[in-house]
Amino acid sequence: MSNDVPKNDVSPRPKNLWVMACLLSGLALESAGASDWPQFRGRNGSAVDPSGEKLPQEIAPNQNQLWKSPLPPGHSSPIVVGNRVFVTGVRDKKLLTIGLDRQTGTLQWESEAPYQQLETIHRIGSHAQSSPCADSECVISFFGSSGLYCHDHSGKRLWERPMGPFVNDFGAASSPILVGERIILCQDHDLDSFLICLDKKSGDVIWKTDRSGFLRNSCTPILWDNEGHPQIVVAATLRVVGYDLETGKEAWTVRGISRTVVSSPSVGSDGHLYLAGWAAGGDEAEKIRVEPFDDVATLRDSNKDGLLEEEELKEGPVYQRFTQADRNKDGHLTRVEYELFRSLFDQGRNLLLSIRQGASGDSTETHVRWRHLKLVPFCASPVLVDGLLFTIKDGGILQCLNANTGKATKPLRLEASGSYYASPVAGDGKIYLIDEQGRLTVIAARQDLEVLHMADFKEDVFATPAVVDGRIYLRTASALFCFGLK
């Protein structure tokens, strides 16, 4: 498919297909109980503890700590299903899916994913960036260097589907999700982006949707019940898209977001969508201007080949992101490649927004409830609690928005002022935030943003905690902690 939205609304499908899709939607929730955290950011990516159990306010090494288990390095977030905690990691260049005992943290099994070549990753990245997902029957893990793997809870490999490495020098980061008997995976890279749906039992492809109009993004998809139509939602290059769960066809779009998206959307208890998109140069007050290809080539194309090389550019926003603009990685920028990248800076807009139920076709002007342009987070996804949307921007700038209106209260700068790669999570009236340096802040889930507790884990943290059933599972660079009220 192209990056153009269909002119007409999605054609009606037979009723039995809608019934099947709705059943799948229900299974996505039923396959994970209230005591499970089955995917990145928990139950359907809400980042909220569904159990309602009491959670400790004060957590730190040796404070309300139930257990601590050593882990190999990795950025993937822990998931919790049944009596297992699942993560991925890298040890001695081995890509591992790991199963731990939920009650004790004891290692139960490891399974190595073979590969022919390790993917290229960002300087602070990992070869285990994508988080697994699981239900009561199996766990699905994904590595950008190797592909998808399905294991049962005892560690027996059931199937594998080779993929990667992809054309992206930051590496793959989006995580798979389970929707009933289906696996959904989005992979947006510099070339050959796609959204795929596979059968959980066999790994066979049910449908695959071309997303070649989207460049590198890291958004993990979510399931949205859009007025009875189960859809897969992805926020990415310049627009948000809803895809029909049954067919993979594009059902609607909202345009006008950032040129790349790292965070993931949320579905509120009100049924509406909430999301953030931020990229350098996308703030209205700090827009980056990229000069036209012809103007730059006149000054910089020293060998007069009609192309631009990295050594010819020497400076500027395209030079700084040359490997992204050079989509086919041949070391040259054509006019098409350059102008495409220039258009991203021109059109990209950093913002938080909410999309109402009923979106169909191009819904940019009809279904956006509100837009908010200030203090937009980069990597950490927003979390919605009791009608309040909480966001954390790099530098430790916390803000709270009214979910109905998008209006924000006065922001708060936290003492933990680093970058935030871990998304905030919530439960028991509290929100837990931790920056890259491992400095934790617990706040009250209220508009006044009262700080309840702070702690320092004294090592890097990139993984989003799991908060479920009265327990907090927090991964640092070297270990997985479990906290709870004893």
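One can find the structure itself at the top, above this paragraph.
For clarity, every value in this text was computed on a predicted model and none was experimentally measured.

> Help me understand the overall build of the protein chain, please; the structure alone is not making it clear to me.
Counting its secondary structure elements, the protein chain contains 6 helices and 33 strands. Taking 23 Å as the expected radius of gyration for a compact globule of 486 residues, we find that the protein chain reaches 22 Å, a close match to that expectation. A total of 486 residues make up the protein chain; the buried ones form 59% of that total. Taking the contacts inside the protein chain whose residues are at least 6 apart along the sequence as the reference set, 57% of them involve residues at least 24 apart. On the protein chain, roughly 19100 Å² of surface is accessible, and the fraction owed to carbon and sulfur atoms is 49%.

> Looking at this structure, I do not really get the packing of helix H2 (residues 293-300) against helix H6 (residues 335-347). What am I missing?
Helix-helix packing is described using two parameters, namely the angle between the two axes and the distance between the axes. Across the interface, H2 lies against H6 with an axial gap of 10 Å and an inter-helix angle of 125 degrees. Overall, the two elements H2 and H6 adopt an arrangement that is oblique. Of H6, the residues touching H2 (which contributes Phe293, Asp294 and Val296) are Arg335, Tyr338 and Glu339.

> Sorry, what's going on with the pairing of strand S9 (residues 157-162) here?
Sheet faces and side chains relate simply in a regular strand, where the side chains alternate between the two faces. Alignment of strand S8 (residues 147-152) against S9, held across 5 bridges, turns out to be antiparallel. Each residue of the ladder has a partner; that of Tyr149, found in S9, is Glu160. Two successive antiparallel strands, S8 and S9, enclose a turn made up of 4 residues, where Gly155 displays a positive phi of approximately 100 degrees.

> I keep staring at H2 and nothing clicks. Help me out?
Owing to its 3.6 residues per turn, the α-helix brings residues three or four apart onto one side. Along H2, the residues that are buried comprise Phe293, Val296 and Ala297. Taken end-on, H2 shows its buried residues confined to a sector of 100 degrees, consistent with a single buried face. Across from the buried face of H2, at angles greater than 90 degrees, the exposed residues are Thr298 and Leu299. In this structure, the buried residues of H2 make contact with helix H3 (310-313) and H6.

> What am I meant to see in the sheet that holds strand S26 (residues 412-413) here?
Pairing between the strands of a sheet is mediated by backbone hydrogen bonds and can be parallel or antiparallel. Strand order in this open sheet of 4 strands is S23-S24-S25-S26, and the pairing throughout is antiparallel. This sheet does not close on itself; its edge strands, each paired only once, are strand S23 (383-385) and S26. Two strands pair when backbone bridges link them, and S23 and strand S24 (residues 388-393) are joined in this way by 3 bridges, in the antiparallel orientation. The residue bridging Val383 from the neighbouring strand is Phe390, located in S24.

> Even after reading the chapter, I still don't get empty space enclosed by the protein, so can you show me in this structure?
The method is simple in principle: a probe with the dimensions of a water molecule rolls over the atoms, and the space it marks as empty is what remains. Counted under the stated rule, the structure contains 4 cavities of 30 Å³ or more. Estimates place the volume of the second largest cavity at around 60 Å³. Forming the boundary of the second largest cavity are Asp190, Leu215, Arg216, Arg259, Thr260, Gln324, Phe341 and Leu344. When its residues are assigned to classes, the lining of the second largest cavity shows 3 nonpolar, 2 polar and 3 charged.

> Sorry if this is basic, but what is going on with the sheet that holds strand S10 (residues 177-179) here?
What the 4 strands build is an open sheet, ordered S10-S11-S12-S13; its pairing is antiparallel. Looking at the sheet topology across the chains shown, the edges are occupied by S10 and strand S13 (205-210). Across this sheet, the average inter-strand angle for adjacent strands is 20 degrees, counted without regard to direction.

The rules behind the values
Residues numbered from 1 in each chain as written. Predicted model: local features only at pLDDT ≥ 70, side-chain atom pairs only at ≥ 80, totals over all residues. Heavy atoms only, no water. Helix = DSSP H or I, 4+ residues; strand = E, 2+ residues; numbered from the N terminus. Rg over C-alpha atoms; globule rule 2.2 N^0.38 Å. Buried < 20%, exposed > 50% of the residue type's maximum accessible area, 1.4 Å probe, protein only. Contact = heavy atoms within 4.5 Å. Areas by Shrake-Rupley, 256 points an atom, 1.4 Å probe, with all protein chains shown as cover. Axes fitted to C-alpha atoms, helices over the stretch in contact; angles between N-to-C directions. Parallel < 35°, antiparallel > 145°, perpendicular 65-115°, else oblique. Pairing = 2+ DSSP bridges. Arc of directions from axis to C-beta. 1 Å grid on protein atoms, 1.4 Å probe; cavity = no way out; pocket = protein on both sides within 12 Å on 5 of 7 lines; lining within 4 Å. Points joined across faces, edges and corners; volume = space filled by probe spheres on them. Nonpolar A, V, L, I, M, F, W, Y, C, P; charged D, E, K, R; others polar.

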